[in-house]
Amino acid sequence: MFNIKEKIESIKMTRRSFLGWSAAITASASIPFSRGLTKKIQGQAVGETSDDADGIWKSAACWHNCGGRCVNKVFVKDGVVIRQKTDDTHIDSPDFPQQRGCLRGRSQRQQVFGADRLKYPMKRKNWKPGGGKKELRGKDQWVRISWDEALDIVSSEIKRVKNNYGNEAIWATGDGEIDKVLFENGGCTKDYGTTSWGAWMWASTMMGVAEGYYEVGMNDRLDLRNSQLIVLWGLNPAWSSPGSPTYNYLQAKKAGAKFISIDPMYTDSAEVFDAEWFPIRPGTDHALALAIMHTLLDEDDPKTNPLIDWEFLNSCTVGFDENHMPEGADPKDNFKDYLLGTYDHEPKTAEWASEICGISPDLIRQLARQIGGTKRVALLTGWAAARINDGEGWVQAFSTLGFMTGHMGRPGRMTGVSVHRAAGNGGPWLIEQGSKGYPAPKENAVTNLINHNEVFSAILDGKFHQRGEGERKANIQFIYHQYNATLQTRTSINQGIKAHREVEFVVTNAYNLTTNAQYSDIVLPVTSMWEREGGLLDGNREMIIVHSNIVDPLYEAKSDIWIAKELMKRLGKDPNLLYPFNEKQAFFNELATTNVIMENGVDFEPLVEITAADIKVWGVKGKPQKGRVPMAELIERGVYQVARRPGDNFGHIAYEDFVNDPENNPVDTPSGKFEIYCETIHEKSKEGWSEIPPIPKYTPKTLGYENTFGNWKSKEKGKYPFQLYNPHYLRRSHTVFDNIPWLREMMPSPLFMNATDAKERGIKDGDTVIIYNDHGKTLRPARVTQTMTPGVLALPHGAWPRFDKDEKIDKAGADNILQAPISTGLGTSGWNTVVCDVKKYAGKPLTEDKDWEQLIVFPEG
Ligand SMILES: Nc1nc2c(c(=O)[nH]1)N[C@H]1C(S)=C(S)[C@@H](COP(=O)(O)OP(=O)(O)OC[C@H]3O[C@@H](n4cnc5c(=O)[nH]c(N)nc54)[C@H](O)[C@@H]3O)O[C@H]1N2
Ligand SMILES: Nc1nc2c(c(=O)[nH]1)N[C@H]1C(S)=C(S)[C@@H](COP(=O)(O)OP(=O)(O)OC[C@H]3O[C@@H](n4cnc5c(=O)[nH]c(N)nc54)[C@H](O)[C@@H]3O)O[C@H]1N2
Ligand code: SF4
Ligand SMILES: [Mo]
């Protein structure tokens, strides 16, 4: 059998060389590392270093939901990975940048070959059908069992729970192969939410703008260089879009753009781009946007001081003033009169907003003048500012600011979401990823769909709100966790743990002892992507990664597909219904059906050239085909990237056709225009949790800034005087990588807090603090800094909780310890709206995360 100890010992990259490498990364705030070295690396062809003549470089998957997508290669010798590198497949240039990995990708080996990999199927010692000491979940001992025993238990539990309580009693979290099995077996309860998007998920498309994932709402990266002013409104690409985006923004900087950052934290991106920083309170952007627009209205003079694009408003939008209202709407409900306070007697002035958002009235007016008075502006936001309770109005207000200033549909001018792995580079994908060709799964016969905020209360209270219908009963007795970290990433962790101790059965497919796995009865060890056949991962619009098998499956790990097939058999179904061919054939199918754009910028052609010999060598079914790159060459390179140059046919100006001729190119709304007055949002919100007005009227956000006061009028602070939010953190991809000691050493995951706030509470940099509210308590070392907005705490997203003995205090700073399980609006995930308090911890100070014991179940013997 595979000997992990030997393998780890033979890994040549030392911890020290890794830290040196990653320190360079963070010091330069994630600008792809030392691009000057490229030429040197270039001279060194694949597998050609003197001491490694018999090894081979392979393209290794980095498959996480990490905000980037990069080329990662590993040097494999005698089945052992001894070195990693990143993109050296072509000479780097600003127009045609390499796709360089970050510190997490670079430490992937520490995950795949970590001492904490799960090795065998395991059972909780006290588990019995029906639950067996359910309160011991998370504390019980683990017993090694065989795959046969494990799969027999899982399948018989599926049958038992289905017979006793019906299919609704089975809840499969995330999206994965197990869904398909359960759908074949009568269905299961599912959950949903706005996860990444916050309020951008639905409110955006309802009013006619893009939601942000496919980035068609932004111009492409070469056009970004035409912007004179780039506003990063809640955006920190250096942390949350690692890979090439920061480099792309830097080209705009070099071309002369000024940067502004509106953010509770002075971010690494703000530093790299030398941005003017407007420190804002989380969840108050809506008020700021209204005040900017009020200032524009107040100061605009079409002749002497044009700040508003009236023509854009007239031709492309409805709802701005009483003369441009959609049919059936009350003219008094127009946006302009709301801004001016005509009917509510509350003009949305800079003074009004300042009290809420914390930015001085003069600075708000300055901001308005810069945005309205600069010709070519990119108004870019992330999803973070909308991952708040009652966030829909912010999405509407931000978009309306773009409409008012006409920064849309023209070179160097754009307003929209610029986030995740395609940040700073808008436009349709230039490569269409192929399909594995598996049959479509059966439709789920169970219609129960639980909002993320209610997943655990549904278990504990036996009911939930089915959107569009009302209250439904729930009786969940079986949780199947696959490919997600639900117990950590949806809502209140403490409530989640209670719920996990309530049901009769919990099973998790995992490769580490994740939080989901810790609270399970059965854990099935899965392979990582490095141990599978290989496949494709799309990156940004210009490139696609082809990754290969790196090593054989470790220990007794099996793929999720293998598990799904075995469960099908045990449930009396034919696995071929779901998987009529093997994983190698699936990889081949994906390659064969991937298409790439042609020079004309319109048509697509097959990417991969396949010969009869390739098909024979692979032992798969298929036909030879012409394509742009021979199959073997593509697999060796591990990436295909469309070369770009200014003036090529691959550029993108978002909404250009609509803005040029709105009548003939309507957007997808009832009016065919961008809807400042949006009846759809209003109507849909009635099916959800709280009513949203058709225009973006400011209301205090549930658990937002206003809730830090006991009395808003007298400005007396309340029980929980701080706001807290969760930046996505470079040490992790959500919960993934949090177990890696190297990364723990690099980035300590502190609580970021303002220096004046800290001083008032006697907290010094590095002190252990306790952060608490009604939902939980958590500890962290404080990072005391002037680069945080006063009154605001930033707790990095994704740490795995680790509790003290009596399970009262989490020591790891797991963000959802502090989250309230509530839904607002259309069912938005409101993670960045939390109120809490913080004080110096009176107990034993924390040791550094890097020194914590790893969660190893069966040490190598
Ligand atoms: N408080 C708070 N909560 C948040 C956020 C926040 O900002 N604050 N952000 C939210 C956002 S934007 C998102 S996208 C979500 C992410 O929420 P999740 O998707 O739940 O988080 P991940 O940590 O990415 O979970 C992926 C899990 O899948 C496992 N895994 C990886 N590969 C495989 C595989 O091949 N098979 C199996 N079986 N498992 C595999 C990993 O080990 C990991 O446990 O979190 C959300 N939650
Ligand atoms: N390193 C790393 N990168 C990631 C991820 C990860 O887990 N780790 N996750 C990826 C995923 S799935 C997603 S969805 C994206 C999310 O990416 P984003 O939505 O961009 O989220 P964040 O990176 O949390 O926040 C971006 C910036 O917004 C600021 N911010 C937070 N709240 C507010 C607010 O209310 N107002 C304003 N103005 N600013 C605010 C934060 O300080 C931060 O600088 O990140 C992706 N990138
Ligand atoms: S940004 Fe993502 S894909 Fe790229 S190296 Fe880092 S973790 Fe891997
Ligand atoms: Mo996300």
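Residues numbered from 1 in each chain as written. Chains lettered and ligands numbered in written order. Predicted model: local features only at pLDDT ≥ 70, side-chain atom pairs only at ≥ 80, totals over all residues. Heavy atoms only, no water.

- Per an unreviewed UniProt entry, the chain carries the name Dimethyl sulfoxide reductase DmsA and comes from Sporosarcina pasteurii.
- Recorded under Cofactor (unreviewed entry), the UniProt text for the chain is reproduced unchanged: "Mo-bis(molybdopterin guanine dinucleotide)".
- The UniProt entry for the chain carries the following comment under Sequence similarities (unreviewed entry): "Belongs to the prokaryotic molybdopterin-containing oxidoreductase family." (UniProt positions renumbered as here; feature names shortened; annotations may be inferred.)

### Concerning the overall build of the chain
No. 1: In terms of regular secondary structure, the chain is built from 30 helices and 37 strands.
No. 2: A compact globule built from 861 residues would reach a C-alpha radius of gyration of about 29 Å, and the chain, at 27 Å, matches this within 12%.
No. 3: The principal-axis extent of the C-alpha atoms belonging to the chain is close to 80 × 60 × 55 Å.
No. 4: Sorting the 861 residues of the chain into buried and exposed places 63% on the buried side.
No. 5: Taking contacts inside the chain between residues at least 6 apart in sequence as the whole, the part at least 24 apart equals 73%.
No. 6: Surface summary for the chain: the accessible area is close to 31,800 Å², and the carbon and sulfur share equals 50%.
No. 7: Distance between charge centroids for the chain: 6 Å, based on 103 positive and 111 negative side chains. (Helix = DSSP H or I, 4+ residues; strand = E, 2+ residues; numbered from the N terminus. Rg over C-alpha atoms; globule rule 2.2 N^0.38 Å. Buried < 20%, exposed > 50% of the residue type's maximum accessible area, 1.4 Å probe, protein only. Contact = heavy atoms within 4.5 Å. Areas by Shrake-Rupley, 256 points an atom, 1.4 Å probe, with all protein chains shown as cover. Lys, Arg positive; Asp, Glu negative; His and termini not counted. Charge placed at Lys NZ, Arg CZ, Asp CG, Glu CD.)

### Digging into the site of ligand 1
No. 1: With respect to spatial proximity, 28 residues lie near ligand 1, and among them Ala485, Thr489, Asp560, His728 and Thr735 are the closest.
No. 2: A distance of 3.5 Å separates a nitrogen atom of ligand 1 from a polar backbone atom of tyrosine 483.
No. 3: Tryptophan 831 places a polar side-chain atom, nitrogen or oxygen, 3.2 Å from a nitrogen atom of ligand 1.
No. 4: In the complex, 94% of the free accessible area of ligand 1, which totals 920 Å², lies under the protein chains.
No. 5: When the residues that make up the shell around ligand 1 are grouped by side-chain class, the tally is 7 nonpolar, 16 polar and 5 charged. (Near = heavy atom within 4 Å. Polar contact = N/O pair within 3.5 Å; in protein donor to acceptor, adjacent residues only side chain to side chain. Nonpolar A, V, L, I, M, F, W, Y, C, P; charged D, E, K, R; others polar.)

### Side note on the site of ligand 2
No. 1: Close contacts around ligand 2 come from 35 residues, with Ser240, Asp263, Asp285, Tyr725 and His734 the closest.
No. 2: Aspartate 263 has a polar side-chain atom sitting 2.5 Å from an oxygen atom of ligand 2.
No. 3: For ligand 2, a nitrogen atom lies 3.0 Å from a polar atom in the backbone of tyrosine 729.
No. 4: Considered on its own, ligand 2 offers 910 Å² of accessible surface; in the complex 99% of this is hidden by protein.
No. 5: If you map ligand 2 onto the pockets, it falls in the largest cavity.
No. 6: Of all the secondary-structure elements, those providing two or more residues to the shell around ligand 2 are helix 10 (237–240) and strand 9 (258–263).
No. 7: Split into classes, the residues belonging to the shell around ligand 2 amount to 16 nonpolar, 14 polar and 5 charged. (1 Å grid on protein atoms, 1.4 Å probe; cavity = no way out; pocket = protein on both sides within 12 Å on 5 of 7 lines; lining within 4 Å. Sits in = over half its atoms within 2 Å of the grid points.)

### With respect to the domain arrangement of the chain
No. 1: Assigned domains within the chain: domain 1 (4–112), domain 2 (199–425 + 654–685) and domain 3 (705–851).
No. 2: Of note, the centres of domain 2 and domain 3, computed from C-alpha atoms alone, are 29 Å apart.
No. 3: The interface of domain 2 with domain 3 comprises 30 residues on the first partner and 29 residues on the second.
No. 4: Per-residue buried area on domain 2 facing domain 3 is highest for Trp239, Arg387 and Asn389; these three make up 29% of the total on that side.
No. 5: At the junction of domain 2 and domain 3, the tally comes to 1 salt bridge.
No. 6: The shortest N-O distance in the salt bridge between glutamate 355 and lysine 715 comes to 2.8 Å.
No. 7: Applying the counting criterion to the domain 2 and domain 3 interface returns 14 residue pairs in polar contact (both at pLDDT 80 or more).
No. 8: Secondary structure elements with two or more residues in the side of domain 2 that touches domain 3: helix 8 (200–207), helix 10, strand 10 (276–279), helix 16 (350–357) and helix 28 (679–685).
No. 9: The residue makeup of the side of domain 2 that touches domain 3, split by class, is 19 nonpolar, 4 polar and 7 charged. (Domains from an automatic or database assignment. Buried area = accessible area lost by both parts, 1.4 Å probe. Salt bridge = Lys/Arg side-chain N within 4 Å of Asp/Glu carboxyl O.)

### Section: the side chain of glutamine 518
No. 1: Tracing the sequence through the fold places glutamine 518 in helix 22 (residues 515–518).
No. 2: Take glutamine 518: its relative accessible area is 16%, and that puts it in the buried class.
No. 3: Excluding residues that lie within four positions of it along the chain, glutamine 518 makes contacts with Arg137, Gly138, Trp142, Leu513, Trp800 and Leu855.

### Topic: the pairing of strand 1 (residues 56–59)
No. 1: Going residue by residue along strand 1, you find Trp57 and Ser59 tucked away on one face and Ile56 and Lys58 left uncovered on the opposite face.
No. 2: One ladder, built from 4 bridges, connects strand 1 with strand 2 (residues 72–77); its direction is antiparallel. Across the sheet, residue isoleucine 56 finds its bridge partner in strand 2, namely valine 76. (Pairing = 2+ DSSP bridges.)

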